[in-house]
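Residue-level structure breakdown
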Amino acid sequence: MRPAAVPRAPWLLRALARFEQIATTAAFALLIAVVFADVVWRWVTGSGIFWAREVGVYANIVLTIIGIGVASAHGAHLRPRFMDRLVPPRFEAMMIRVQELLTALAFLGLAWIAWRVVAETMQLDDRSIVLRWTVWPIQLVLPIAFGIGALRHALYAWWPEHRPREQSEADIELPPKVRA
Amino acid sequence: MSGLLLAALALGLLALRQYVLVVLAAVAVYVYVVWGDGRLDNIVLDGWEALNQDVLLPIPLYMLAGGIMAEGAIAERLIRFMRAVSAPFPGGLAVATCLSCGLFAAIVGSSTVTLLAVGTIMYPALLKAGYPKAFSLGLICAGATLGIIIPPSIPLILYGVMTSTSIADLFIAGVGPGLLLLGMFTVYSMVVNWRMPRGRWDMAEVRGSLKDGVWALLMPVLILGGIYSGFFTATESAAIAVVYALFVELVLYRKLDLRSLLRVTTDTTKLLGALFPVLMMALALNKFLTFEQIPNQMVALLESVLTTPASFLLVTNLLLLVVGCIMDIGSAILILAPILQPVAESQGMHPVHFGIMMTVNLEIGYLTPPMGLNLIVAMTAFKEGFGFICRSVVPFILIMLLGLVIVAAFPALSLFLLK
């Protein structure tokens, strides 16, 4: 986590980060609660909660898909770097804009495809297996997350100074107490 | 020709510094358009189906449990106990470092978290006690890699998901090779530090540290014992690990506050947000490849080239060693496991054994430049030069290569605990 990057960011980036943090923390809490409740219920009654796994899976989907934005906001996405030195240092600034713009376009494409899937699921009225919930409101997390990703990386391409320092793979797992 | 274009597309995107997620998405679009029916909706639909399964639930839960324990007081207490127990051995402090790495690995399932949690305490202690700097650095970097082979292990879960192999079986199979590597590191530490002054067993300290760290020591017993006895599934043990870690750190040790917990949660979400979309794309791509019978064609092709299991083992291990140098272990498993595992099976290898061998092999990638994760973390955390750290791990890489040969040659080492 790199909290110092957030206060400098424009209000839109801050708002996106806040939304993502609230949504993912709530999804994480729900995931832990239902899976653990399922285990305890099985100990107590001999059979688990029949809907717990399905709710847990949906919480996990929300957590990890909205988490794409959290990873973007902290420059934490996985990226092999062995070809980075192909570009001479004098083109570095331009390279960053190209990188961010391409990423934004890729996310935009994924958002468009995901929206088509959601529209189709809505039309077919697909339902979940156990709880018979309508699936499309949960699937909506896909175009939303990819759309936010497109917007965020487009903003980074436009204002590279607001882009978080891209973490080396090493930084990804540094616990805060060590970083401090 | 279209295969060459695909390779050029992937390399071009990497040169343009695109994420693994974007590269895999572009590859998926390409293969769906060129070799499939061109319906791009299927990429997202297959990705959705890939995520919509409960086999993935242990990943966020184990990652959060590891984050909580790395942030809290568990590492310090484990190390205190290990130091008390190993004091009279030759190179006692080095042995304590090995054992602490092994035990902490059995709790957190992450190599770099183990490196930092154990290393930040033991590296200064080793230097103060007069151990050579190169040995100390190499030992901590190498010992930390045990985090991904001793269960619970995120790479083993990823392998299980990608190849439909039982995660519980993989966890149990990781114990033997994990202990083998731990034993090899420990013996090496004793031999090269034979002349270092030895301590004596202080029973009061052993008892005190055991009492102090008993809650932490119970953690691997709970996780592995539950899975091995069949009492928990991997998902259930992961949920219990999170709740147990929260209980120990918030209520018993009181080293973690809610603000730290929120920070750990955000850090874990960041990792999940980087990993899961890649997993989603890799699984979608894998589904397409399976539908088009590409793994079967790969098996047929490789069987004609690699005529014996020994040649398969040699070529696969060399390939994985190279891949481990340039790619993170998660991406390597997501991309290569579904392609290589059917070939391994056609050569008579047990899928669990192949998963363990693959993980032990890629574990070496944590120590090999230019992308060795533990080298980079150690450089940042211990403020040492990259070249010096690279040289310091050479003896340990040789030990791990010997361990890899043993793991590959003796399947029973991985499979003996499986029922």
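Residues numbered from 1 in each chain as written. Chains lettered and ligands numbered in written order. Predicted model: local features only at pLDDT ≥ 70, side-chain atom pairs only at ≥ 80, totals over all residues. Heavy atoms only, no water.

Before going further, it helps to examine the overall build of chain A. In terms of helices and strands, chain A carries 8 helices and 0 strands. The buried share of chain A, reckoned over its 180 residues, is 49%. When the accessible area of chain A is evaluated, it comes to approximately 8600 Å², of which 69% is carbon and sulfur surface. (Helix = DSSP H or I, 4+ residues; strand = E, 2+ residues; numbered from the N terminus. Buried < 20%, exposed > 50% of the residue type's maximum accessible area, 1.4 Å probe, protein only. Areas by Shrake-Rupley, 256 points an atom, 1.4 Å probe, with all protein chains shown as cover.)

If you tally the helices and strands in chain B, you get 21 helices and 0 strands. The C-alpha radius of gyration computed for chain B amounts to 22 Å, which stays within 12% of the reference 22 Å derived for 419 residues, consistent with globular compactness. The buried share among the 419 residues of chain B stands at 61%. In chain B, once contacts between residues fewer than 6 apart in sequence are set aside, the share between residues at least 24 apart is 78%. (Rg over C-alpha atoms; globule rule 2.2 N^0.38 Å. Contact = heavy atoms within 4.5 Å.)

Further remarks concern the interface of chain A and chain B. Interface size is commonly expressed as the accessible surface area that is lost when the partners come together. Each partner contributes residues to the interface: chain A has 70 residues there, and chain B has 69 residues. Linking chain A to chain B there are 7 salt bridges. Linking Arg 17 of chain B and Glu 92 of chain A is a salt bridge whose minimum nitrogen-to-oxygen distance equals 2.6 Å. Here chain A and chain B share 12 residue pairs in polar contact (both at pLDDT 80 or more) between them. (Salt bridge = Lys/Arg side-chain N within 4 Å of Asp/Glu carboxyl O. Polar contact = N/O pair within 3.5 Å; in protein donor to acceptor, adjacent residues only side chain to side chain.)

Another point: helix α13 (residues 258–291) of chain B. The first and last C-alpha atoms of α13 of chain B sit 47 Å apart over 34 residues, in line with the 50 Å expected at 1.5 Å per residue. Within two residues after α13 of chain B, Gln 293 of chain B carries a phi angle of roughly 60°, on the positive side. (Expected span 1.5 Å × (residues − 1).)

By the definition in use, this model includes 22 salt bridges over all chains. The shortest N-O distance in the salt bridge between Arg 53 of chain A and Glu 236 of chain B comes to 3.8 Å. One end of the pair, Arg 53 of chain A, is in helix α3 (residues 52–73); the other, Glu 236 of chain B, is in helix α12 (residues 234–252), on a second chain. With a relative accessible area of 6%, Glu 236 of chain B lands in the buried category. The closest approach of N and O atoms between Glu 71 of chain B and Arg 263 of chain B, which form a salt bridge, is 2.8 Å. Residue Glu 71 of chain B is found in helix α4 (residues 58–71), and its partner Arg 263 of chain B is found in helix α13; the two are separated by 192 residues along the sequence. Here Glu 71 of chain B falls in the buried class, since its relative accessible area comes to 10%. When its relative accessible area of 28% is taken as the criterion, Arg 263 of chain B is described as partly exposed. One continuous salt-bridge network, built from bridges that share partners, spans Asp 38, Arg 42 and Arg 53 of chain A together with Asp 54 and Glu 236 of chain B.

Aromatic rings considered in pairs are described by the distance between their centres and by the relative angle of their planes. Per the counting criterion, the structure on display carries 18 aromatic pairs over all chains. Relative to Trp 133 of chain A, the ring of Tyr 58 of chain A lies with its centre 6.4 Å away and its plane at 20°, an arrangement referred to as stacked. Here Trp 133 of chain A lies in the loop between α4 (92–124) and α5 (136–139) and Tyr 58 of chain A lies in helix α3, a separation of 75 residues in the sequence. Judged by relative accessible area, Trp 133 of chain A falls into the partly exposed class, the value being 39%. Cation over ring: Arg 198 of chain B sits above Trp 194 of chain B, and NZ or CZ is 4.9 Å from the ring centre. (Phe/Tyr/Trp six-rings, centres within 6.5 Å; stacked < 30°, edge-to-face > 60°. Lys NZ or Arg CZ within 6 Å of the ring centre and 35° of its normal.)

Another aspect to go through is a nonpolar patch on the surface. All names here are of chain B. Judged by side-chain polarity, Val 214, Trp 215, Leu 218, Val 221, Phe 247, Val 251 and Leu 252 come together as a nonpolar surface patch covering roughly 560 Å² of accessible area. For the nonpolar patch, the secondary-structure elements that each account for two or more residues are α11 (203–228) and α12. A total of 4 residues in the nonpolar patch trace back to one element, the largest contributor, which is α11. Relative to the assigned elements, Val 214 resides in helix α11. (Patch = residues over 30% accessible without salt bridge, like charges linked within 9 Å, V, L, I, M, F, W, Y side chains within 5 Å.)

For the rest of this paragraph, the subject is the packing of helix α17 (residues 351–364) of chain B against helix α20 (residues 394–409) of chain B. Residues and elements named next belong to chain B. Following both chains from N to C, one finds α17 and α20 inclined at 170°, their axes separated by 10 Å at the closest point. Here α20 runs roughly antiparallel to α17, going by the angle between their axes. Here His 353, Ile 356, Met 357, Val 360, Asn 361, Glu 363 and Ile 364 of α17 come into contact with α20, specifically with Ile 397, Met 400, Leu 401, Leu 404, Val 407 and Ala 408. Of the residues belonging to the contact of α17 with α20, the class tally is 10 nonpolar, 2 polar and 1 charged. (Axes fitted to C-alpha atoms, helices over the stretch in contact; angles between N-to-C directions. Parallel < 35°, antiparallel > 145°, perpendicular 65-115°, else oblique. Nonpolar A, V, L, I, M, F, W, Y, C, P; charged D, E, K, R; others polar.)

This paragraph deals with the confidence of the model for chain A. Mean pLDDT over chain A stands at 86; residues scoring 70 or higher make up 87%. In the predicted structure, residues 1–7 of chain A sits below a pLDDT of 50 and forms 13 contacts with residues beyond four places in sequence or in another chain. (pLDDT = per-residue confidence, 0-100.)

So, about unusual backbone geometry. Omega for the bond connecting Pro 151 of chain B with Pro 152 of chain B falls within 30 degrees of zero, at 0°, which places this linkage in the cis form. Unusually for a residue other than glycine, Arg 132 of chain A sits at a positive phi of about 60°. Taking relative accessible area as the criterion, Arg 132 of chain A reaches 47% and is therefore assigned partly exposed. In this structure, Ser 164 of chain B takes a positive phi of about 55° despite not being glycine. When you line up the elements, Ser 164 of chain B lands in the loop between α9 (154–163) and α10 (167–192).

Quick look at the confidence of the model for chain B now. Chain-level pLDDT for chain B is 88 on average; 100% of the residues reach the 70-or-more range. The spread of mean pLDDT over the elements of chain B runs between helix α14 (residues 294–305) of chain B, the lowest at 77, and α20 of chain B, the highest at 96.

Residues and elements named next belong to chain B. Structurally, Glu 363 is set in helix α17. Among the residues examined, Glu 363 registers a relative accessible area of 0% and is labelled buried. Separated by 272 residues in sequence, Glu 363 and Gly 91 place their C-alpha atoms 25 Å apart. Apart from residues no more than four positions distant in its own chain, Glu 363 is found in contact with Thr 145, Leu 146, Ile 148, Ile 149, Leu 181, Ile 329 and Met 400.

Residues and elements named next belong to chain B. Between α9 and helix α16 (residues 329–346), whose axes approach to 9 Å, the crossing angle comes to 35°. α16 is crossed by α9, and the crossing has right-handed handedness. Of the residues in α16, those in contact with Pro 155, Leu 158, Tyr 159, Met 162 and Thr 163 of α9 are Ile 329, Gly 330, Ile 333, Leu 334, Ala 337, Pro 338 and Gln 341. A breakdown of the residues in the contact of α9 with α16 according to their chemical character gives 9 nonpolar, 3 polar and no charged. (Left-handed = near helix turned anticlockwise from the far one by under 90°.)

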